[in-house]
Amino acid sequence: MSRPVILLLSGPNLNLLGEREPEIYGHERLLDHVASARERAQSRGFDLEHMQSNHEGALIDAVHSARKRVVAIVINPGALTHYSWSLHDALVTYDGPIIELHLSNPKEREPWRHISVVEPLAIASIVGKGAAGYPEAIDTAIDAYQEKNG
Ligand code: DQA
């Protein structure tokens, strides 16, 4: 039997992690975060699918394709977090657990980062933990899935 899949979604500019403002986002590359998330998922019997895009519509398509297929979504939407109501509306159509993830803590930064359109839909928001947030978000997703499905 194939293993249940968790979808990790990465929004705009996260492809530049490692080079981009390392004093805020750290020195790890996106690749490193995906590897640690995948390792955690696999160690608990799940598969991890990852998709990064700088395009809002591509992320929305990825959410649509996750419906009735993946067991949880972990999403770091980048700056789309703060204004993308279309990404919000796409996530509303997904009925599994959604975990919001940020390397930094947007609520301790510029005022325009204090709003999250994803937060009301997420069972948890993991923020300000840097690289450690990735495996933690996977654990949170799996715990929520297992709580509901045994
Ligand atoms: C971020 C926080 C956002 O405000 C920002 O636009 C990002 C990264 C984070 O992981 O801390 O691109 O989502």
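Everything quoted here is computed from the prediction, not taken from an experiment.

Caption draft 1: The site of the ligand, seen in detail. Residues in contact with the ligand, as listed here, are Arg20, Tyr25, Asn76, Gly78, Ala79, His82, His102, Leu103, Ser104 and Arg113. For the ligand, an oxygen atom lies 3.1 Å from a polar atom in the backbone of Ala79. Between the ligand and His102, the relevant distance is 2.8 Å, taken from an oxygen atom to a side-chain nitrogen or oxygen of the residue. Against a free-state accessible area of 320 Å², the protein chains account for coverage of 99% of the ligand. Structurally, the ligand is housed in the largest pocket. Partitioned by chemical class, the residues of the shell around the ligand number three nonpolar, five polar and two charged.

Caption draft 2: A look at the packing of helix H2 (residues 30-43) against helix H5 (residues 133-149). Two numbers describe how H2 lies on H5: the axes approach to 8 Å, and their chain directions differ by 35 degrees. For the element pair H2 and H5, the recorded crossing hand is right-handed. In this structure, H2 contributes Leu30, His33, Ser36, Ala37, Arg40 and Ala41 to the contact, and H5 contributes Tyr134, Pro135, Ile138, Asp139 and Ile142. Partitioned by chemical class, the residues of the contact of H2 with H5 number seven nonpolar, two polar and two charged.

Definitions and cut-offs
Residues numbered from 1 in each chain as written. Predicted model: local features only at pLDDT ≥ 70, side-chain atom pairs only at ≥ 80, totals over all residues. Heavy atoms only, no water. Near = heavy atom within 4 Å. Polar contact = N/O pair within 3.5 Å; in protein donor to acceptor, adjacent residues only side chain to side chain. Areas by Shrake-Rupley, 256 points an atom, 1.4 Å probe, with all protein chains shown as cover. 1 Å grid on protein atoms, 1.4 Å probe; cavity = no way out; pocket = protein on both sides within 12 Å on 5 of 7 lines; lining within 4 Å. Sits in = over half its atoms within 2 Å of the grid points. Nonpolar A, V, L, I, M, F, W, Y, C, P; charged D, E, K, R; others polar. Axes fitted to C-alpha atoms, helices over the stretch in contact; angles between N-to-C directions. Helix = DSSP H or I, 4+ residues; strand = E, 2+ residues; numbered from the N terminus. Left-handed = near helix turned anticlockwise from the far one by under 90°. Contact = heavy atoms within 4.5 Å.

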